[in-house]
Amino acid sequence: MWLEKLIELVGKEKVIISESQRERLSKDYYWYSPVLFEELKDKVADCAVKPISIEEIKEIVTFAVANKVSVTIRGAGTGNYGQAIPLKGGIVLDLTKLDKLLELTESTVKVQAGMRLGALEKTLRKQGKELRIYPSTFMTSTVGGFLCGGSGGIGSIRWGNLWDGNIIGVTVMTFEGEPRIFEVVGEEMEDYIHNYGTTGIVLEAILPVEEKQEWTQHIISFPTFKEAVKFGDELAHNEAITKRLVSVCEWPIPSHFHSLKNVLQDDKSITMLEIEESCLKDLQLLVDKYSGTSDLIIPASNYHKGLKVSDFTWNHATLWAHKHGENMTYLQARFKVDQIFEQMDTLREKFGEEIQFHFEYIKIKGEITPASLPVILYQSKERLYEIIDFCRSIGVEINDPHTYLLGFGGYNLKMEQIMKKKQENDPFDLLNPGKIPVKQESEII
Ligand code: FAD
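About the thresholds
- Residues numbered from 1 in each chain as written.
- Predicted model: local features only at pLDDT ≥ 70, side-chain atom pairs only at ≥ 80, totals over all residues.
- Heavy atoms only, no water.
- Core = buried A, V, L, I, M, F, W, Y, C linked by side-chain atoms within 4.5 Å.
- Buried < 20%, exposed > 50% of the residue type's maximum accessible area, 1.4 Å probe, protein only.
- Contact = heavy atoms within 4.5 Å.
- Near = heavy atom within 4 Å.
- Polar contact = N/O pair within 3.5 Å; in protein donor to acceptor, adjacent residues only side chain to side chain.
- Areas by Shrake-Rupley, 256 points an atom, 1.4 Å probe, with all protein chains shown as cover.
- Helix = DSSP H or I, 4+ residues; strand = E, 2+ residues; numbered from the N terminus.
- Phe/Tyr/Trp six-rings, centres within 6.5 Å; stacked < 30°, edge-to-face > 60°.
- Pairing = 2+ DSSP bridges.
- Expected span 1.5 Å × (residues − 1).
- 1 Å grid on protein atoms, 1.4 Å probe; cavity = no way out; pocket = protein on both sides within 12 Å on 5 of 7 lines; lining within 4 Å.
- Points joined across faces, edges and corners; volume = space filled by probe spheres on them.
- Nonpolar A, V, L, I, M, F, W, Y, C, P; charged D, E, K, R; others polar.
- Domains from an automatic or database assignment.

Colleague: Which residues make up the nonpolar core, and what values do they have?
Modeller: Among the nonpolar cores identified, the biggest contains 69 residues, and L120, I167, V170, L207, I219, F257 and M272 are the most heavily contacted of them. Not counting the four nearest positions on each side in its chain, I219 is found in contact with L260, L264, I270, T271, M272, T293, S294, D295, L296 and V309.

Here you go:
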């Protein structure tokens with residue numbers, strides 16, 4: 001009944017009901033996790049709508065509240081935790097047509113939430129500016145999706161993640177009979193960052209911008225994985241070398257990178273880097289110190305044109321591993337800076353090749369940290385949680401990517417505050433319902 005009314009309201013051409021399109025627009029990269037795949041594979045929306053204006057969004061929200069229809073917001077659908085999958089059918093609201101750059105100043109940019117980060121970075125670079133951080137999926141993923149579903153990425157080695165001042169403000173629409181629209185800045189933004197779009201619709205965002213730098217890209221191989229990690233660690237801590245990316249991959253992970261097969265050497269662990277071109281002499285000294293070999297250099301003039309080393313970093317490493325073999329998945333881990341080798345040795349001894357190491361250096365609250373996205377040869381859910389429990393028992397922190405429940409994956413979200421905001425902004429629990437857990441608060445990480 002409500003679907004017919006919706007078609008009447010917004011027009012037949014705007015409501016997507018074909019089965020294949022509904023299925024596509026209802027899914028993200030949840031299949032990275034075999035656990036989530038089993039739980040979510042059958043979930044699909046009743047329809048999808050791609051609004052082109054804030055007025056249209058408002059019309060749909062008013063309709064959905066009146067008819068008690070649930071709505072799940074979608075950017076590009078590249079999230080890994082099933083965040084964008086509608087658990088209770090209803091409408092998928094795809095915001096990719098709200099893609100305008102609204103205002104650029106010396107130090108900020110204001111954009112609509114559906115703007116793709118790749119298009120934004122490209123426009124900024126033409127104006128002599130650049131973004132601080134973006135995910136390795138930046139070419140497709142949207143500002144709103146990154147803000148509400150991501151954490152960090154390229155640039156995080158210098159600027160930290162989403163919670164480190166890398167979002168200046170957001171404009172939010174509530175999910176009420178008469179939707180309110182307001183601006184949020186400061187600490188209150190924690191009610192919207194990485195909350196899977198459960199407390200409101202982010203319409204616009206203001207992000208900080210920096211002066212454009214000339215980034216060269218590198219792949220450097222090392223005789224052993226430990227030398228690669230030591231090199232990565234020293235580079236990450238070296239303030240004199242300006243960098244946007246420091247990624248370290250243990251062999252055999254690089255063996256999955258098919259499009260680099262003519263570049264990479266067998267059995268060699270690698271680091272993948274983005275380094276400011278004025279720092280190349282200092283970089284070379286460090287490469288020599290750890291007996292590294294330069295396998296690939298892409299000059300700054302070719303930045304973001306053709307091959308990008310970031311396409312093999314962050315969660316792209318899992319994508320390549322997955323292409324290589326269906327039974328591969330991943331974890332999100334943080335090793336202790338001063339115990340990284342002991343912790344890796346203990347894990348290798350216990351799990352052998354079942355766990356393959358991959359580090360992304362980031363700055364969290366001013367401290368350089370080896371964040372890790374180890375690739376796991378998946379055997380069963382029980383075995384996966386055995387690995388997670390063991391990691392935690394030896395002090396390796398795990399953010400669990402095998403749950404769609406907000407707060408259970410980690411990230412120290414302020415769940416009590418988020419739940420309060422949910423009640424205020426979405427009193428009928430229609431916005432992405434089912435993602436906020438109904439379990440005991442004490443169970444929430
Ligand atoms: P979507 O997946 O569409 O949405 C994400 C969540 O935000 C959903 O819950 C959705 O409902 C909600 N949402 C979207 N837009 C809005 C809005 N306007 N208002 C309210 N809620 C909204 N993540 C990282 O952080 N760093 C990485 O480096 C990284 N690398 C990745 C590599 C690969 C290969 C893959 C598959 C994923 C990776 N991710 C990474 C995860 C994901 O790509 C990013 O977080 C991305 O920014 C999500 O953007 P999106 O537009 O695809 O969001």
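Colleague: If you had to explain the site of the ligand to someone new, which residues and values would you point to?
Modeller: By nearness alone, 37 residues border the ligand, and I73, G75, T78, T142 and G152 come closest of all. A distance of 2.7 Å is found between an oxygen atom of the ligand and a backbone nitrogen or oxygen belonging to G75. The side chain of T142 places a nitrogen or oxygen atom 2.7 Å from an oxygen atom of the ligand. Here the ligand loses 98% of its free accessible area of 980 Å² to cover by the protein chains. Here the shell around the ligand gets 5 residues from one element, more than from any other, and that element is helix α6 (residues 143-149).

Colleague: Account for the packing of aromatic side chains, naming residues and giving values.
Modeller: Tallied over the full model, the rule gives 17 aromatic pairs. Measuring from ring centre to ring centre gives 4.4 Å for Y134 and F138, while their planes differ by 40°; the resulting arrangement is tilted. F138 matches Y134 in its accessibility class, with the two residues each being buried. Plain terms: the ring middles of F257 and F312 are 5.1 Å apart, the flat faces sit at 50° to each other, and that makes the pair tilted. Highlighted residues: F257 in the loop between β12 (243-249) and β13 (269-276) and F312 in the loop between β14 (293-298) and α10 (316-324), separated in sequence by 55 residues. Comparing F257 with F312, the two get one shared label, buried.

Colleague: Explain the sheet that holds strand β15 (residues 328-330) to me, using residue names and the numbers behind them.
Modeller: With antiparallel pairing, 3 strands are arranged side by side in an open sheet as β15-β20-β17. Across the chains shown, the open sheet's two edge strands, defined by having one partner strand only, are β15 and β17 (355-356). With 2 bridges joining them, β17 and strand β20 (residues 375-377) adopt antiparallel strand pairing. The partner of I355 across the bridge, within β20, is I376.

Colleague: Residue-level account of the sheet that holds strand β4 (residues 91-94), with values.
Modeller: Strand-to-strand pairing in sheets goes through backbone hydrogen bonds, with the strands running parallel or antiparallel. Across the sheet, 4 strands lie side by side as β1-β2-β4-β3; this open sheet has mixed pairing. The two strands at the open ends of the sheet, each matched to only one other strand, are β1 (15-16) and β3 (71-74). Where strand β2 (residues 47-49) meets β4, 3 bridges bridge the pair, whose relative direction is parallel. Considered in β4, the bridge of A48 is made with V92.

Colleague: Any chance you could break down the environment of T313 for me, citing the residues and the numbers?
Modeller: Note that T313 resides in the loop between β14 and α10. For the pair T313 and E277, spaced 36 residues apart in sequence, the C-alpha separation works out to 20 Å. Residues within four places of T313 in sequence aside, it is in contact with S136, I154, L245, S247, M272, H358 and E360. At 2.9 Å, the side chain of T313 forms a polar contact with the backbone oxygen of S310.

Colleague: Help me get a handle on helix α4 (residues 54-67), residues and values and all.
Modeller: End to end, α4 covers 20 Å across 14 residues, agreeing with the expected 20 Å (1.5 Å per residue, within 8%). Three or more residues of α4 are buried, namely I54, E56, I57, I60, V61, F63, A64 and V65. Looking at the residues trailing α4, positive phi occurs at K68, about 50°.

Colleague: Tell me about the layout of surface pockets, and please be specific about residues and values.
Modeller: In this approach the atoms are scanned with a rolling probe the size of a water molecule, which exposes any empty space left behind. In this structure, the second largest pocket spans a volume of roughly 330 Å³. If you trace the second largest pocket, you find 14 residues lining it, with K122, R125, Y303, H304 and K305 closest to the centre. By residue class, the composition of the lining of the second largest pocket is 4 nonpolar, 3 polar and 7 charged. When residues are assigned to domains, the lining of the second largest pocket turns out to be shared by domain 2 (101-211) and domain 3 (215-395), each giving three or more.

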